[in-house]
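Given next are the chains, with one letter for each unit.
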Amino acid sequence: MFQLNDDQIAIRDAARDFAREQIEPGAMERDHKAEFPKDIIQQLGEMGFMGMCVPEVYGGAGLDTLSYTLALEEIAYVDASVAVTMSVNNSVACAPILAFGTEAQKQKYLKPLASGEELGGFMLTEPDAGSDAAALKTKATKVDGGWNLNGAKAWITNGGIARFYVVMAITHPELGKKGISAFVLDANQPGVVMAKPEDKMGLRSSKTVMVTLEDAFVSDDDMLGKPGDGLKVAFGGLDGGRIGIAAQALGMAQRALDESVSYAKARHAFGKPIGEQPALQTYLAEMEARVQASRLLIHKAAHLKDAGLPCTREAATAKLFSTENAVWVCDRAVQIHGGYGYSREYVVERLYRDVRVTTIYEGTTEIQRLVIARDLMK
Ligand code: CAA
């Protein structure tokens, strides 16, 4: 766990090179224009980064979760919007189809998603069901050959751009939580209505939309798992997703720290670099400690997942700790940069906005605490 193997180092370095050479140059402009990085996502697909843990036979790269977190960290270091697009496709679109899909579903949906030919998304959240996911209201009504989906899905990352979505809906209302089932939905039909992208504080070049389902059709063959497996499909995917979001937050925190160190060396006040002022040294040291600790928690959770061991608690712990600390680290980076940190010309300003959502999506900080505490009390 403390030493990466040669393959993991090669993946990390390939991600770092691509991120710094190809993603970084337009990141600030895309953020300002809220422009989706279509070409970059396509290139990531060609590199095998859109289905990193999917076996090669299904179009993926056949890598481990640790390699996935290394790549995500490197990509988030330069552009967290690209990282979330990639994370959602890998963790909550590909992974549930790999875990629960039939051979036919893997051929039909996983192959295009993992190879980057199509983009994927995840429709769990609704306007009135966020943290309490089981309170979702979207209904699946049985019709000839399949189901008609009706309802509203909120905050859908990759919405409007992605083609295939893992979607949760009520098939058997009389069974409560056990009456929720999962499907793969093809958005290429009139019953899937995408609203205008949300006008967000950060991650501005990734797309997030509200989706209305109006008799959106899924065939019987599109159900993932058994009837009633919906929450298992969703929460199982979110275990891996949370490790990914922790890695995304870590990438931003590491960047904020590196920018702060450079700035603290270059900027002088009271006759010396500001990095020699004890007050700032306290910040830098604390930032470094929190970044290092986050990385260890993420690698541990990834390691357990790769070993096929339970990792729900560890994934939640990694997400809780890494995202809360990344928010803190990015905040301190702005403070260290003084007035410049408040300027849109400095990357720490974007990091400060982008990092904020990491304590909210894929389960809030409060939900991670609930998941951890429940597991401890088992
Ligand atoms: N893996 C597999 N199955 C799991 C599981 C896991 N980690 N956790 C729970 N389950 C199963 C349970 O075993 C249960 O099935 P059985 O009844 O057959 O045992 C079923 O799922 C329901 O579990 P709970 O009864 O524990 O569910 P709950 O209603 O009490 O909810 C919760 C628990 C932790 C609060 C959950 O609702 C939750 O995680 N909420 C947060 C939702 C969330 O993270 N949303 C993120 C949206 S996606 C997103 O943000 C993507 C993006 O855009 C970036």
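**With respect to the environment of Glu-324**
Within the secondary structure layout, Glu-324 lies in helix 8 (residues 312-337). Taking the C-alpha atoms as reference, Glu-324 lies 8.0 Å from Thr-358; in sequence the two are 34 residues apart. With residues up to four places along the chain from it excluded, the contact list for Glu-324 reads Lys-319, Thr-359 and Thr-365.

**Concerning the packing of helix 3 (residues 65-78) against helix 6 (residues 230-266)**
In contact at an axis separation of 7 Å, helix 3 and helix 6 are set at 45° when each is read in the N-to-C sense. Here helix 3 lies oblique to helix 6, going by the angle between them. Pair helix 3 / helix 6 crosses with right-handed handedness. The segment helix 3 lies against helix 6, with Tyr-68, Thr-69, Leu-72, Glu-73, Ala-76, Tyr-77 and Val-78 engaging Ile-243, Gly-244, Ala-247, Gln-248, Leu-250, Gly-251, Met-252, Gln-254, Arg-255 and Asp-258.

**A look at the site of the ligand**
Around the ligand sit 25 residues, and of these Ser-131, Thr-157, Lys-178, Arg-242 and Glu-362 come closest. A distance of 3.0 Å separates a nitrogen atom of the ligand from a polar atom in the side chain of Asp-239. Here a nitrogen atom of the ligand sits 3.3 Å away from a polar atom, N or O, in the side chain of Thr-312. When isolated, the ligand has an accessible area of 1100 Å², and the protein chains bury 75% of it. Counting residues per element, the shell around the ligand draws most heavily on helix 6, at seven residues. When its residues are assigned to classes, the shell around the ligand shows 11 nonpolar, seven polar and seven charged. Formed jointly, the shell around the ligand draws a minimum of three residues from each of two domains, domain 2 (121-231) and domain 3 (237-376).

**Looking at the state of the cysteines**
All chains considered together, the criterion is met by zero disulfides. Note on Cys-94: no disulfide assigned, nearest cysteine sulfur contributed by Cys-53 at a separation of 9.5 Å.

**Considering the side chain of Thr-171**
Inspection of the secondary structure assignment puts Thr-171 in the loop between strand 4 (164-170) and strand 5 (180-186). What makes Thr-171 buried here is its relative accessible area of 9%. Separated by 2.6 Å, the side chains of Thr-171 and Ser-181 make a polar contact. Beyond its immediate chain neighbours, meaning those up to four positions away, Thr-171 contacts Ala-140, Trp-147, Gly-179, Ser-181, Phe-183 and Met-223.

About the cut-offs
Residues numbered from 1 in each chain as written. Predicted model: local features only at pLDDT ≥ 70, side-chain atom pairs only at ≥ 80, totals over all residues. Heavy atoms only, no water. Helix = DSSP H or I, 4+ residues; strand = E, 2+ residues; numbered from the N terminus. Contact = heavy atoms within 4.5 Å. Axes fitted to C-alpha atoms, helices over the stretch in contact; angles between N-to-C directions. Parallel < 35°, antiparallel > 145°, perpendicular 65-115°, else oblique. Left-handed = near helix turned anticlockwise from the far one by under 90°. Near = heavy atom within 4 Å. Polar contact = N/O pair within 3.5 Å; in protein donor to acceptor, adjacent residues only side chain to side chain. Areas by Shrake-Rupley, 256 points an atom, 1.4 Å probe, with all protein chains shown as cover. Nonpolar A, V, L, I, M, F, W, Y, C, P; charged D, E, K, R; others polar. Domains from an automatic or database assignment. Disulfide = S-S within 2.5 Å. Buried < 20%, exposed > 50% of the residue type's maximum accessible area, 1.4 Å probe, protein only.

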